[in-house]
Amino acid sequence: MRWDALALDGEDPGLFGSPVTVDTPEFRGITFHEIRAKSIINRVPAASRVPFSWTINPYRGCSHACVYCFARNTHKYLDFDTGRDFDSQIVVKVNAPELVRRELAAPKWAGGHIAMGTNVDCYQRAEGRYRLMPGIIEALRDAANPFSILTKGSLILRDLPLLEEAADRTEVSAAVSVGFVDKELWRLLEPGTPGPLKRLEVCATLNEHGIGCGVLMGPIIPYLTDTPRQLEAAVRRIAEAGATSVSAIALHLRPGAREWFTRWLREHHPELVAPYERLYGRGAYAPKDYQHRIAQRVKDLADEHGIGGRRNVRRLRTPPPPPQRRPEPEQLTIL
């Protein structure tokens, strides 16, 4: 395996040492590769066009096994395949909490917002075994460093007391990813995740406790989850959960994800293979008019259901410390 040679877009891999491989009965079918990282707070290049500059990713690979996951190609750099291996060969940065605390305390750190769950889910099944997030949240809380979490998991509720403590000191927000509420499609497309209604219960619980939580309808999957009826059903459920916001992202198919998703299409919806070849024939993204049409429809539905009319944010009890300078980046692990 090319552990030491791993690099994404010229960034340092941030890993060192040989992996320790763990295969346990309680996580049947999943193998964990324990790695000690060099650094953990990653700089996001401006070209990524995302509304944050820093990320923390304690895991690589994801047992959620979403067939469309854009991050699949990152496993190729570890000499894993982008299909089954991405779902079952999980790289764990076991020293992530101590690195977060150290890097936040460094004189170079400027105190920028840190987004988590932007590459693979930090609350996937591995987190139940390794419990890295409590230490990470504690470090962010103690540094009063603003952060956000995007997840498809329900395990985030385990850390609700820590999130409340952090939200008393700094800006904390969350979002759950729910692109549709169809149970049959969920089992086929996202087999390792809690059901979409369970995720919306997570959204409701976080908001009840003052942790502002919105919903990312991502991805909207052409020909499968994008009918007016399906979009309305999803947005209605999202509104019932008290989401602070909702936004939609159309499916994009980068290398790695594209091949795995096409294989899934051939098995479950062979009639859609040709339409997808036409829709994504020019690249990873659906045509802009399709993207804009879906985004506008979801926005209109959100307005109809009254989503986004309020912000659910706890009032800070302790003012944050003055910002410091920032550290050197680790690696690119972002959209």
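This structure is a prediction, so every number in the text was calculated from the model and none was measured.

(A) Summary view of the pairing of strand 2 (residues 31-37). Counting buried positions over the seven residues of strand 2 gives five, a clear majority of the element. The pairing of strand 2 with strand 6 (residues 89-93) spans five bridges and is parallel. Opposite T31, over in strand 6, you have Q89 as the bridge partner.

(B) Region of the structure containing the confidence of the model for the protein chain. Mean pLDDT for the protein chain: 88, with 85% of residues reaching 70 or above. Contacts of residues 1-14 to residues separated by more than four positions or lying in other chains number 45 contacts, the stretch itself having pLDDT below 50. Confidence over residues 323-335 falls short of pLDDT 50; this stretch has 70 contacts with residues more than four positions distant or in other chains.

(C) The environment of M133, seen in detail. With respect to the element layout, M133 can be found in helix 4 (residues 132-142). Excluding its chain neighbours within four sequence positions, the residues that come into contact with M133 are P58, M116, C122, Y123, E127, I149, R158 and D159.

(D) Local environment of the sheet that holds strand 8 (residues 147-151). On the basis of which strands lie adjacent, the open sheet formed by seven strands has the order 3-4-7-8-9-10-11 and mixed pairing. Either end of the sheet is taken by a strand with one partner, and the two such strands are strand 3 (41-43) and strand 11 (246-250). The average undirected angle you get between the axes of adjacent strands in this sheet is 25°. Strand direction decides the pairing type here: strand 4 (residues 54-56) and strand 7 (residues 114-116), joined by three bridges, are parallel. Looking at the pairing, T55 lines up with A115 of strand 7. Packed on one face of the sheet, helix 7 (residues 196-208) meets strand 9 (172-177) and strand 10 (212-220) and runs near 155° to strand 10.

(E) Examining the nonpolar core more closely. Counting 92 residues, the largest nonpolar core has I114, M116, F147, M217 and F261 as the members making the most contacts within it. Broken down by element, this core gets its largest block of residues, six residues, from helix 4. When neighbours within four sequence positions are excluded, I114 is seen to be in contact with I41, W54, T55, I56, L104, W109, L140, N145, P146, F147 and S148.

(F) Layout of the packing of aromatic side chains. This model, assessed by the stated rule, comprises seven aromatic pairs. With centroids separated by 5.3 Å and ring planes inclined at 80°, the aromatic side chains of F27 and F32 adopt a geometry described as edge-to-face. A single burial state applies to F27 and to F32, both of which are buried. Considering the side-chain rings of F32 and Y130, the 5.3 Å spacing of their centres and the 80° angle between planes classify their relative orientation as edge-to-face. Of this pair, F32 sits in strand 2 while Y130 sits in helix 3 (residues 126-130), and the two are 98 residues apart along the sequence. The pair F32 / Y130 is uniform in exposure class, with both members buried. Through a chain of ring-to-ring contacts, three or more aromatic side chains come together here, namely Y223, F261, W264, Y276 and Y280. Directly above the ring of Y77 sits K76, whose terminal nitrogen or CZ lies 5.8 Å from the centroid.

Each value, and the rule that gives it
Every chain is numbered independently, its residues counted from 1 as its sequence is written. Given that this is a predicted model, residues contribute local features only at a pLDDT of at least 70 and side-chain atom pairs are listed and counted only at 80 or more, while totals for whole chains, interfaces and linings are drawn from all residues. Side-chain descriptors were evaluated using all non-hydrogen atoms of the structure, hydrogens and water having been removed beforehand. The cut-offs for exposure are 20% and 50% of the maximum accessible area for each residue type, with area from a 1.4 Å probe on protein chains only; residues under the lower value are buried, those over the upper are exposed, and the others partly exposed. Numbering of helices and strands runs from the N terminus; a helix is a DSSP stretch of H or I covering at least four residues, while a strand is a stretch of E covering at least two. Strand pairing follows a simple DSSP-based rule, namely that at least 2 bridges must link the two strands. Scored between 0 and 100, pLDDT is the confidence that the predictor attaches to each residue. Two residues form a contact once any of their heavy atoms are found within 4.5 Å. Axes, fitted as lines to C-alpha atoms, cover a helix only where it is in contact. Angles between the N-to-C directions of the axes lie from 0 to 180 degrees. The criterion is simple. A nonpolar core is a set of buried Ala, Val, Leu, Ile, Met, Phe, Trp, Tyr and Cys residues joined through side-chain atoms within 4.5 Å. For this analysis, a ring pair means two rings from Phe, Tyr or Trp (six-membered ring only for Trp) whose centres lie within 6.5 Å, classed as stacked if their planes differ by under 30 degrees, edge-to-face if by over 60, and tilted for the remaining angles. Placement of a charge over a ring requires the Lys NZ or Arg CZ to be within 6 Å of the ring centre, with the centre-to-atom vector within 35 degrees of the ring normal.

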